[in-house]
Protein chains: 2
Amino acid sequence: MTSFDNAADAKKLSTPPQDSRERISQFMQQLQDKICGGLEELDGKEKFKEDSWKRPEGGGGRSRVLTDGAIFEQGGVNFSEVWGKNLPPSILKQRPEADGHGFYATGTSMVLHPRSPFIPTVHLNYRYFEAGPVWWFGGGADLTPYYPFAEDAVHFHNTYKGACDRHDPEYYPVFKKWCDEYFYLKHRQENRGIGGLFFDYQDGRTFGLYRGPNSEGEAAKYSKEVGEIKPRTWDDIFNFVQECGHSFLPAYVPIAEKRKDTEYGEKERNFQLYRRGRYVEFNLVYDRGTIFGLQTNGRTESILMSLPPLVRWEYAYTPEPDTPEAELYDIFLKPQDWVNWHK
Amino acid sequence: MTSFDNAADAKKLSTPPQDSRERISQFMQQLQDKICGGLEELDGKEKFKEDSWKRPEGGGGRSRVLTDGAIFEQGGVNFSEVWGKNLPPSILKQRPEADGHGFYATGTSMVLHPRSPFIPTVHLNYRYFEAGPVWWFGGGADLTPYYPFAEDAVHFHNTYKGACDRHDPEYYPVFKKWCDEYFYLKHRQENRGIGGLFFDYQDGRTFGLYRGPNSEGEAAKYSKEVGEIKPRTWDDIFNFVQECGHSFLPAYVPIAEKRKDTEYGEKERNFQLYRRGRYVEFNLVYDRGTIFGLQTNGRTESILMSLPPLVRWEYAYTPEPDTPEAELYDIFLKPQDWVNWHK
């Protein structure tokens, strides 16, 4: 039976292996290398440039940026590994057990802004935390198209569903839903894009897959929907995160390949620049990673590397009915069951 | 002697006149009219277009936008008047006495994004709140140049110093400093521009002119710096706010007139678009008005009217030494004593 008793669940939290930090850190760097390699091959014109940096309070990272490519107007892939005395308040609210303990955090994150409005913007992030008695994994990947191609959304979701299903059939429906809820612009009443996967605070306890904002209520809600899940070890979750990381290139590259030669005009470009504004709004107002970075005195240029190279705002824009732009709003910016999509 | 005793100060809070809401609301609308008229005359090409809107929870406003003008790439001047059951948490933290009371809030705000990089972006906002036992005024105006012209900064500050001095010689030094502290991007360690005036929570109590973030400590600090000030009535403060409002056109129009015919190239335009990114970062991450609007289910299009029509981000940009761009960073994005500026 699933137990929602906190004390009992805490007891079930398994201990990470001795070399947990080394293993994760190595994986995160390899993931950065692999993704950068794949994207350079796709772009065909430009390469990533790297900046290594140290954080005065402990740790550092390597930021890689590709600009003015054939495919990518700008792309950033960032590895970081930081430690310090106490986690920031926004995280302690979700993990009060970590309060008063030093923390270790590492992760790889990526945002790509393609030049063509027909190629979606995409975001990926995987991260790992240890703080006193607790540890957890978080992350995911989500796609933000400018023009609506259902087959692209289906491909992206199917790829990640495959990665999930090889580990636990309960993962995909929960993490897909979580993604839809997380990448939501409340003030616009719009989703950021067509979603993908998102999860946070995964530590293998049966308490629930979902530990997000208002995690008490939500955890109960999701756990009930999901039903009984088997407890997972540190290695189970790490293996799953690795599989997710390695699924990125197969999930995205075919979409970019398929769309890269489609011609577009000023109208499509303008719409893309306008929609990029939503990316900025999300990242600066809601994004957990951005807020964590700014609150922990992270490297601003690396954190804000996710912002698009060129953006428009336009007062009171609404798409004209029966256009691809309207279809984006009506269908693609609302949660859809993409893996069961029927044309 | 200045007293820092909260209970004693609360007693000194004067009662607003019976028709306070009507008077302020009328002033805020007249200010919007006057500013729009002056800006249309300056622009010479385009006029403001108005949208009236209602807020489901109570109140509404009129938003006016001018786009593609000769001088202004985009300008927005917004009047709003809203009421509801309870103020949002961010304000209640500063004004706990208002908790559990209905509130009334009205204000006029403006952001102008000129086309020429030689004309500064400028922001103005005046607002008034009533909630249960408390009422207060807030607002100010601040200038964000892209290229450094000391005489423009001197003119802007001198105009507002004049407005302040006609009411209380203690106003300018306090509200100028408050402005420098408020329009500060912590993650960039930069001021947003050359400042101007900013004040909040002005209710006439001698407790201090300053009631900002960490107002306990700050109020004591500023009150000590300022020394004894005479208690002010509701009318004293309203008169001061009116004078500030009417000072905007004389503070800004001469600067725009002086710079509007200076030719510029792609380099200056690119720098302007890049610097506009800081405006976006400030408004979405720190701005009290934006956060209030989004938290109270305000009209998103009117709130985000402050965002620039076109913006660039560039990874790891730094200005070249001994250029006007470097001078902006070194001198103009740090607090300066502009009214005593010596060339």
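Everything below is about the structure shown above.
Below is a summary of the structure that appears in this document. (Residues numbered from 1 in each chain as written. Chains lettered and ligands numbered in written order. Predicted model: local features only at pLDDT ≥ 70, side-chain atom pairs only at ≥ 80, totals over all residues. Heavy atoms only, no water.)

**Here we look at the interface of chain B and chain A**
Note: interface size is frequently given as the accessible area lost on complex formation between the parts. Rule in force here: Whether two residues are in contact is decided by their heavy atoms: any pair within 4.5 Å suffices. Buried area is calculated as the accessible area (1.4 Å probe) missing from two parts once they are joined, with the contributions of both summed. The working definition used for a salt bridge is a side-chain nitrogen of Lys or Arg within 4 Å of a carboxyl oxygen of Asp or Glu. Numbering of helices and strands starts at the N terminus; helices are DSSP runs of H or I of at least 4 residues and strands are runs of E of at least 2. As a working rule, the residues Ala, Val, Leu, Ile, Met, Phe, Trp, Tyr, Cys and Pro are called nonpolar, Asp, Glu, Lys and Arg charged, and the rest polar, with Gly in that last group. In short, DSSP must find at least two bridges between two strands for them to pair.
Of the residues lining the interface, 29 residues belong to chain B; the matching set on chain A comes to 29 residues. Summed over the three residues of chain B that lose the most area to chain A, namely E301, W313 and Y315 of chain B, the buried surface amounts to 32% of that side. Applying the counting criterion to the chain B and chain A interface returns two salt bridges. Notably, a salt bridge pairs R188 of chain B with E301 of chain A, separated by 2.8 Å at the nearest N-O pair. Within the residue set of the side of chain B that touches chain A, elements represented by two or more residues are β2 (59-67), α9 (266-285), α11 (300-303) and β10 (310-312) of chain B. Of the residues forming the side of chain B that touches chain A, the biggest block, six residues, is contributed by α9 of chain B. Partitioned by chemical class, the residues of the side of chain B that touches chain A number 17 nonpolar, five polar and seven charged. One ladder, built from three bridges, connects strand β10 (residues 310-312) of chain A with β10 of chain B; its direction is antiparallel. Note on β10 of chain B: the bridge partner recorded for R312 of chain A is L310 of chain B.

**Comments concerning the pattern of salt bridges**
We apply this condition: Think of it in three bands: with a 1.4 Å probe and only protein chains considered, a residue is buried below 20% of the maximum accessible area for its type, exposed above 50%, and partly exposed in between.
Under the counting rule described, the total for this entry stands at 52 salt bridges over all chains. Notably, a salt bridge pairs D200 of chain A with R127 of chain A, separated by 3.2 Å at the nearest N-O pair. Placement of the pair is D200 of chain A in strand β9 (residues 195-202) and R127 of chain A in strand β5 (residues 121-131), with a sequence separation of 73 residues. Taking the relative accessible area as the measure of exposure, R127 of chain A reaches 13% and is therefore buried. When the shortest N-O distance is used, the salt bridge between D33 of chain B and R64 of chain B registers 2.9 Å. Of this pair, D33 of chain B sits in helix α2 (residues 20-43) while R64 of chain B sits in strand β2; the two residues are 31 residues apart in sequence, bridging distant segments of the chain. For D33 of chain B, a relative accessible area of 39% puts it in the partly exposed group. Judged by its relative accessible area of 10%, R64 of chain B falls in the buried class. In the salt-bridge network here, residues are joined through shared partners; they are D33, E50, R62 and R64 of chain A.

**Digging into the sheet that holds strand β9 (residues 195-202) of chain B**
Hydrogen bonds along the backbone pair up the strands of a sheet, which may run parallel or antiparallel. Residues and elements named next belong to chain B. Stated precisely, the cut-off is as follows: The convention used is that axes are lines fitted to C-alpha atoms, helices contributing only their stretch in contact, and that angles between N-to-C directions extend from 0 to 180 degrees.
Taken in spatial order, the seven strands make up an open sheet running β1-β2-β3-β4-β5-β6-β9, and their pairing is antiparallel. What marks the edges here is a single partner per strand, and that holds for β1 (49-54) and β9. Mean inter-strand twist for the sheet, computed between neighbouring axes without regard to direction, equals 5 degrees. Strand direction decides the pairing type here: strand β3 (residues 72-84) and strand β4 (residues 103-114), joined by 12 bridges, are antiparallel. Across the sheet, the residue bridging to V82 is A105, located in β4. Sitting on the sheet, helix α10 (residues 288-295) touches β4, β5 (121-131) and β9, and the angle it makes with β9 is about 45 degrees.

**A look at the sheet that holds strand β6 (residues 134-144) of chain A**
All names here are of chain A. Ordered by their spatial adjacency, seven strands build an open sheet running β1-β2-β3-β4-β5-β6-β9, and the pairing between neighbours is antiparallel. One side of each edge strand has no neighbouring strand; the edge strands of this open sheet are β1 (49-54) and β9. Adjacent strand axes in the sheet meet at a mean angle of 5 degrees when their direction is disregarded. As paired elements, β5 and β6 share 11 bridges and run antiparallel to each other. Each bridged residue has a counterpart across the sheet, and for V122 the counterpart in β6 is L143. Those strands touched by helix α2 (residues 20-43) are β2 (59-67), β3 (72-84), β4 (103-114), β5 and β6, and its axis lies near 170 degrees from that of β3. Across the face of the sheet, helix α4 (residues 150-165) comes into contact with β5, β6 and β9 while running at roughly 30 degrees to β9.

**Quick notes on the environment of L87 of chain A**
Within the fold, L87 of chain A resides in the loop between β3 and α3 (89-92). Looking at L87 of chain A, the relative accessible area reads 4%, which means it is buried.

**With respect to the relation of the copies chain B and chain A**
The test is simple: Superposing the copies works by least squares over the C-alpha atoms of residues that have pLDDT at least 70 in both of them.
Least-squares fitting of chain B to chain A yields an RMSD of 0.0 Å, with the superposition described by an axial translation of 0.0 Å and a rotation of 180 degrees. Viewed as a symmetry operation, the transformation between the two copies matches a two-fold axis. The C-alpha atom lying nearest the rotation axis in chain B is that of V311 of chain B; the distance is 2.6 Å. Both copies contact each other with a shared surface, as 100% of the interface residues of chain B are interface residues in chain A too.

**Points about the packing of α4 of chain A against helix α8 (residues 248-259) of chain A**
Residues and elements named next belong to chain A. Where we set the bar: Each angle gets one of four labels, with under 35 degrees taken as roughly parallel, over 145 as roughly antiparallel, 65 to 115 as roughly perpendicular, and the rest as oblique. Helix crossings get a hand from a simple test, with the near helix turned counterclockwise from the far one by less than a right angle marking a left-handed crossing and a clockwise turn marking a right-handed one.
Running from N to C, α4 and α8 point in directions that differ by 165 degrees, and their axes come no closer than 8 Å. As summarised for this structure, α4 and α8 are arranged roughly antiparallel, according to the angle between their axes. Between α4 and α8 lies a crossing of right-handed hand. Mapping the contact onto sequence places E151, D152, H155, F156, T159 and Y160 in α4 and F248, P250, A251, P254, I255, K258 and R259 in α8. By residue class, the composition of the contact of α4 with α8 is seven nonpolar, two polar and four charged.

**Concerning the pairing of β1 of chain B**
Consecutive residues of a regular strand have side chains that alternate between opposite faces of the sheet. Residues and elements named next belong to chain B. One ladder, built from six bridges, connects β1 with β2; its direction is antiparallel. Residue pairing across strands places K49 opposite V65, the latter belonging to β2. Two successive antiparallel strands, β1 and β2, enclose a turn made up of four residues, where G58 displays a positive phi of approximately 135 degrees.

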